[in-house]
Amino acid sequence: MGNPHKFEATGGAAVAGREAGDAPSGSPRVQLPGPDDRATGTNSPTVNIRHSALVRGTHWLTTLAFLALLVTGVEILISHPRFYWGETGNVRTPPLFTLRIPSSRGTVPTGYGYVLPDQNGWSRYLHFESAWVAVLTGLLYVAFGFWKGHFRRNLLPAPSDRSLRGLATAVARHLRFRRPSEEEAWSYNVVQRLTYLLVIFVLFPLIIWTGLAMSPGFTSVLPSAVTLLGGRQSARTLHFFVSGVLVLFLLVHVIMVCLAGFRNRVGAMITGRLTTHKE
Amino acid sequence: MDQMSRRKLITAGLATVAGASGLAVAAKLAARYGLIPPDAGTLYGAGETLTYAAQRLLGRHALAREFAPRQISTYPFANAVDPLGDKFQFLQQGAFADWRLAVDGMVARPALFSLAELKRFPSSTQITEIACEEGWSYVAEWKGVPLSHLLDIVGALPQVRYVFYRSFQPDWYESIDMADAVHPQTLVAYGMNGGELPVGFGGPLRLRVPRQLGYKSVKYITRLTLTDNLKKFGQGMGSSAAEGGYAWYAGI
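How each quantity is defined
Residues numbered from 1 in each chain as written. Chains lettered and ligands numbered in written order. Predicted model: local features only at pLDDT ≥ 70, side-chain atom pairs only at ≥ 80, totals over all residues. Heavy atoms only, no water. Helix = DSSP H or I, 4+ residues; strand = E, 2+ residues; numbered from the N terminus. Buried < 20%, exposed > 50% of the residue type's maximum accessible area, 1.4 Å probe, protein only. Contact = heavy atoms within 4.5 Å. Areas by Shrake-Rupley, 256 points an atom, 1.4 Å probe, with all protein chains shown as cover. Lys, Arg positive; Asp, Glu negative; His and termini not counted. Charge placed at Lys NZ, Arg CZ, Asp CG, Glu CD. Pairing = 2+ DSSP bridges. Buried area = accessible area lost by both parts, 1.4 Å probe. Salt bridge = Lys/Arg side-chain N within 4 Å of Asp/Glu carboxyl O. Axes fitted to C-alpha atoms, helices over the stretch in contact; angles between N-to-C directions. Parallel < 35°, antiparallel > 145°, perpendicular 65-115°, else oblique. Left-handed = near helix turned anticlockwise from the far one by under 90°. Nonpolar A, V, L, I, M, F, W, Y, C, P; charged D, E, K, R; others polar. 1 Å grid on protein atoms, 1.4 Å probe; cavity = no way out; pocket = protein on both sides within 12 Å on 5 of 7 lines; lining within 4 Å. Points joined across faces, edges and corners; volume = space filled by probe spheres on them. Patch = residues over 30% accessible without salt bridge, like charges linked within 9 Å, V, L, I, M, F, W, Y side chains within 5 Å.

*Asks:* So, the overall build of chain B: which residues are in play, and what are the values?
*Replies:* A count of helical and extended segments in chain B gives seven helices and ten strands. Viewed in the frame of its principal axes, chain B has a C-alpha envelope of about 85 × 40 × 30 Å. The buried share of chain B, taken over its 252 residues, is 52%. Taking the contacts inside chain B whose residues are at least 6 apart along the sequence as the reference set, 67% of them involve residues at least 24 apart. Total accessible area computed for chain B in this model is approximately 11800 Å², and 60% of it derives from carbon and sulfur atoms. In chain B, which carries 25 positive and 21 negative side-chain charges, the distance between the mean positions of the two groups comes to 8 Å.

*Asks:* Please give an account of the pairing of strand S7 (residues 187–192) of chain B that cites residues and values.
*Replies:* All names here are of chain B. Within S7, six of the six residues are buried, which leaves the element mostly enclosed by the surrounding structure. Pairing between S7 and strand S9 (residues 206–208): three bridges, direction antiparallel. Note on S9: the bridge partner recorded for Ala-189 is Arg-206. As paired elements, S7 and strand S8 (residues 195–196) share two bridges and run antiparallel to each other. By the bridge assignment for S8, Met-192 is matched with Gly-195. Where S7 folds back onto S8 in an antiparallel hairpin, the turn is made up of two residues, including Asn-193, whose phi is positive at roughly 50°.

*Asks:* Help me get a handle on the interface of chain A and chain B, residues and values and all.
*Replies:* Taken together, the contacts link 39 residues of chain A with 45 residues of chain B. Summed over the three residues of chain A that lose the most area to chain B, namely Arg-92, Tyr-125 and Trp-132 of chain A, the buried surface amounts to 21% of that side. Applying the counting rule to chain A against chain B returns three salt bridges. The salt bridge partner of Glu-87 of chain A is Arg-65 of chain B, with a shortest N-O separation of 2.8 Å.

*Asks:* Account for the packing of helix H4 (residues 53–77) of chain A against helix H11 (residues 232–271) of chain A, with residues named and values stated.
*Replies:* All names here are of chain A. For the pair H4 and H11, the least separation of the axes is 11 Å and the interaxial angle reads 140°. Classified by the angle their axes make, H4 and H11 are oblique. The hand of the H4/H11 crossing is left-handed. Across the interface between the two elements, Val-55, Arg-56, His-59, Trp-60, Phe-66, Leu-67, Leu-70 and Leu-77 of H4 pack against Arg-236, Phe-240, Leu-246, Val-247, Leu-250, His-253, Val-266, Ala-268, Met-269, Ile-270 and Thr-271 of H11. Taken together, the residues that form the contact of H4 with H11 break down as 14 nonpolar, three polar and two charged.

*Asks:* Give a detailed account of empty space enclosed by the protein, specifying residues and quantitative values.
*Replies:* Per the counting criterion, the structure on display carries five cavities of 30 Å³ or more. In this structure, the largest cavity encloses a volume near 150 Å³. Every residue lining the largest cavity is counted, 16 residues in all, and those nearest its centre are Pro-216 and Thr-219 of chain A together with Arg-65, Glu-129 and Pro-210 of chain B. A breakdown of the residues in the lining of the largest cavity according to their chemical character gives eight nonpolar, five polar and three charged.

*Asks:* Please set out a nonpolar patch on the surface residue by residue, giving values where relevant.
*Replies:* Residues and elements named next belong to chain A. Together, Phe-146, Leu-198, Phe-201 and Val-202 make up a nonpolar patch on the protein surface, roughly 360 Å² of accessible area in all. Among the elements that line the nonpolar patch, the one with the most residues is helix H8 (residues 190–212), at three residues. Structurally, the position occupied by Leu-198 is in helix H8. For Leu-198, a relative accessible area of 41% corresponds to the partly exposed category.

*Asks:* So what's going on with the packing of helix H5 (residues 120–147) of chain A against helix H2 (residues 45–59) of chain B? Which residues, and what values?
*Replies:* Axes are the key here: two packed helices are described by the angle between their axes and the distance separating the axes. Remark: H5 of chain A packs on H2 of chain B, axes separated minimally by 8 Å, with the N-to-C direction vectors making an angle of 75°. Considered as vectors, H5 of chain A and H2 of chain B are oriented roughly perpendicular to each other. Counting all contacts with H5 of chain A, which are made through Tyr-125, Glu-129, Trp-132 and Leu-136 of chain A, the residues of H2 of chain B involved are Gly-45, Ala-46, Gly-47, Glu-48, Leu-50, Thr-51 and Ala-54 of chain B. Its residues assigned to classes, the contact of H5 of chain A with H2 of chain B shows six nonpolar, three polar and two charged.

Function cannot be read off these values alone, since they describe shape.
Next up, the structure:
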């Protein structure tokens, strides 16, 4: 797989004058004249901007919001760890499936001899406040991504990768847990690109939609938000499954960051600078 | 400091000032148009205000979904309530003939309605879903008198902003804004699924607020008080849910 962005290296000097958001994703060895270079001096290791300030800011805001949504979502879930399909469902109706966990409400038959403390008040408050943070951050990120070409340049697979063959090669490399080359540290491979696009444009919209479909106020304004999903309880069940996929993404994402070099990659997402040691 | 960072600093400074004053203006306007919920001052007030304001701006008059008769749940469910006591049992033995609903506060003509009187008013029937914050739900047909009809009878004063309502259970009280109070689907309900409203489901009288979660549809209501300020009610928010750590506005 070649570097899909080598054409940008020539534009490096022109790009450097803009915001960090436009930092080229390829060609780390092109020395960009600009404030970022001064910090490093001329000797190795070479340091450049890997992630723009906006990507870094929205990444960590989303991380915070997501973790809050996850913890509070679990708290809300345990007040009724039963799932249904269709419009309605309660302890008097057969569930689609039940999670074998204790509940925070005595009305739910769980088989456990105890009831967990009720945490729904603050959990619901924080869940919806974090949802606002996630949605507003996401809107800012998506607007920025289209405006500045972040999606086109950094996330859309390169033309050479838009084939099953190219994809298969990348997946195979991925599955062998091959440590990424230095070149790759500067851009995403096709598997990463497709995964991020899936999370940003499919999973996040789905989790928001299925969440809103449970709001009696919102569905009064837009009834099709819930009817298209097959009813309120279907929306709740789908919300649970989409969260599961997002948690899976989070786990794989963190594992991959660890494999690729935790300090370096997390550092790049905090400071924007990726340190690559010359060999 | 070079040209570049100075320009950045000035831009950032101006943006901050513009943002802050924009927020201040937005807050003034929001308060004026009733877009700030009573629990806006809490830790989660920002999220609550965004939700409440967005829904009041987008769907003040929106109607809750209604269902076909075949969608009425065969097995509705209601959370158990604490024992209602001897007085309630006494009223129940008399078929609630002595149950009274008081309507007072900022009204021209305070009134006391018996169940029979309420049933003589023009009724409204709806098949709507009641969803608990825990996650479960059921669909039922509810029959009652629209709250807006009672507000007309007692002559609600123009400055009224909330209706505060109390249950026979002393620890249960809630409040709704005027958007919900005058909403055509907000009922003082006395019937369910073609019969009397069962005690387990809030009979003889339950305030049905279908655009919000179940905990706003308080059971056994005895008194409605119209007010322009909830600070005097309950522990300051006029809502046992909000004072117990739950959102005041349950439209989510």
